[in-house]
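Close look at the chain arrangement
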Amino acid sequence: MYIKFFEIDHNEAYGDFPISKTTLRLYNQDSLIIVPTVYIKNEVFKIDNKKALDTLADNINFLINKYTKDRFERNKPVTEFQMDCDWTLKTKDNYFYFLKKLKEVSKKEISCTLRLYPYKYPDKMGIPPVDKATLMCYNLINPLENHSKNSILDVDELGLYLNTKRKYPLHLDVALPIYSWMQVYQNNQFVKVIYNGHKDIAKSLKEIKPMWYEVKKDTVVDDFYLRIGDKIKYEKLTPEKIDKAIEVIKKNVVFDANTTVTLFHLDEEQLSNYSDEALSGFYSNFFSK
């Protein structure tokens, strides 16, 4: 189970600081392998200061160990940390330096997320200095720029990045989306993303075109008012669409016997959109002939 422990943000007043700290506690954990995950905003690595990066690695290692002890104390020790960052050409060197430093101070296996652009262009974007990477096969399109495609997972867009059979220089795992969301537009301006309560909200919607709906009666969602006439882009995934994505991935990405498949994310409401057979099928389809 990959658990986001916290995020790291940066500003001039406070420097690097943790936000969105997890409040999750798990019970009966002995059967679980927990991988602490930290999302680091790209802005953190725009300042070229090796001493600050050393401190960042020390602080992240300290916080992960503290949270593990306080909330996830268990029989199986944590052996892996995963870092999640959308690095760019300008921040690549600093991010890679940080990853090496974190490995040094933590004495853990270090993995990182790998978006499709750096996967396709490793000569340009570099190979992160980690033990392994998780290929993130979702969020391929800017959700606010293309109103006609599903920004969570578009199989055609996926094919543009995975159009050549290649062996990446690192061990690769893979992550697939099983979540949905609603983008709310008022007066044709984007205002909010709604992650939960979709089945109840859908009762107040009228479809106007594929993925697009109009609110037909006033509705309150977590203290947010949906008004009559508001537009909603409802992006969700069917098992059939996920299976098509799996076929594209299998055709073009080289995996090995130790590859793991991650479904993002663990949420009772989101999981209820799929049968047990469909969920287990996403795993087994990767390794079927």
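Residues numbered from 1 in each chain as written. Predicted model: local features only at pLDDT ≥ 70, side-chain atom pairs only at ≥ 80, totals over all residues. Heavy atoms only, no water.

1. A look at the nonpolar core
Among the nonpolar cores identified, the biggest contains 70 residues, and I40, I60, M83, Y95, F98 and L158 are the most heavily contacted of them. Among the elements that take part in this core, helix α1 (residues 50–71) stands out by supplying 7 residues, more than any other. Those residues in contact with Y95, other than ones at most four positions away along the chain, are F45, M83, D84, C85, W87 and C112. V184, I201, V215 and F224 belong to the second-largest nonpolar core, a separate cluster that totals 12 residues. (Core = buried A, V, L, I, M, F, W, Y, C linked by side-chain atoms within 4.5 Å. Buried < 20%, exposed > 50% of the residue type's maximum accessible area, 1.4 Å probe, protein only. Helix = DSSP H or I, 4+ residues; strand = E, 2+ residues; numbered from the N terminus. Contact = heavy atoms within 4.5 Å.)

2. Here's the deal with the sheet that holds strand β3 (residues 35–40)
The mixed open sheet is built from 8 strands, whose spatial order is β2-β1-β3-β4-β5-β6-β7-β15. The open sheet has two edge strands with one neighbour each: β2 (15–19) and β15 (261–264). Here the average twist between neighbouring strands, direction ignored, is 25°. Taken together, the 3 bridges between β3 and strand β4 (residues 80–84) define a ladder with parallel strand orientation. Bridging across to β4, V38 finds its partner in M83. Against the sheet, helix α9 (residues 276–286) engages β7 (171–177) and β15, with an angle of about 150° to β15. (Pairing = 2+ DSSP bridges. Axes fitted to C-alpha atoms, helices over the stretch in contact; angles between N-to-C directions.)

3. Considerations on the packing of aromatic side chains
Enumeration according to the criterion identifies 20 aromatic pairs in this entry. Between F45 and F98, the ring centres sit 5.5 Å apart and the planes meet at 50°, which makes this aromatic pair tilted. Of this pair, F45 sits in the loop between β3 and α1 while F98 sits in helix α2 (residues 92–106), placing them 53 residues apart in sequence. Like F98, F45 is buried. Taken together, F45, W87, Y95, F96 and F98 form an aromatic cluster joined through their ring pairs. A cation over an aromatic ring shows up here: K192 above the ring of F224, its NZ or CZ 5.4 Å from the ring centre. (Phe/Tyr/Trp six-rings, centres within 6.5 Å; stacked < 30°, edge-to-face > 60°. Lys NZ or Arg CZ within 6 Å of the ring centre and 35° of its normal.)

4. Here's the deal with the layout of surface pockets
Roughly 1,500 Å³ of volume is contained in the largest pocket. Lining the largest pocket are 40 residues, with Y2, Y138, F264, H265 and L266 sitting closest to its centre. Of the residues in the lining of the largest pocket, the class split is 21 nonpolar, 12 polar and 7 charged. Of the voids in this model, the second largest pocket is the one considered here, and its volume is about 160 Å³. Contributing to the lining of the second largest pocket are 15 residues, with S180, Y234, K236, Q270 and N273 lying nearest its centre. Mapped onto the lining of the second largest pocket, the elements with two or more residues apiece are α6 (198–202) and α8 (268–271). The greatest single-element share of the lining of the second largest pocket, amounting to 3 residues, is contributed by α6. When its residues are assigned to classes, the lining of the second largest pocket shows 7 nonpolar, 5 polar and 3 charged. (1 Å grid on protein atoms, 1.4 Å probe; cavity = no way out; pocket = protein on both sides within 12 Å on 5 of 7 lines; lining within 4 Å. Points joined across faces, edges and corners; volume = space filled by probe spheres on them. Nonpolar A, V, L, I, M, F, W, Y, C, P; charged D, E, K, R; others polar.)

5. Points about unusual backbone geometry
Here the bond from F264 into H265 is cis, since omega is 10°, no more than 30 degrees from zero. Tracing the backbone through its elements, the reader meets H265 in the loop between β15 and α8. Although it is not a glycine, N139 adopts a positive phi angle of roughly 55°. Examined against the element boundaries, N139 turns out to sit in the loop between β6 (132–136) and α5 (155–161). Classification of N139 by relative accessible area gives partly exposed; the value is 40%. Look at D222: it is not a glycine, yet its phi comes out positive at around 50°. When its relative accessible area of 70% is taken as the criterion, D222 is described as exposed.

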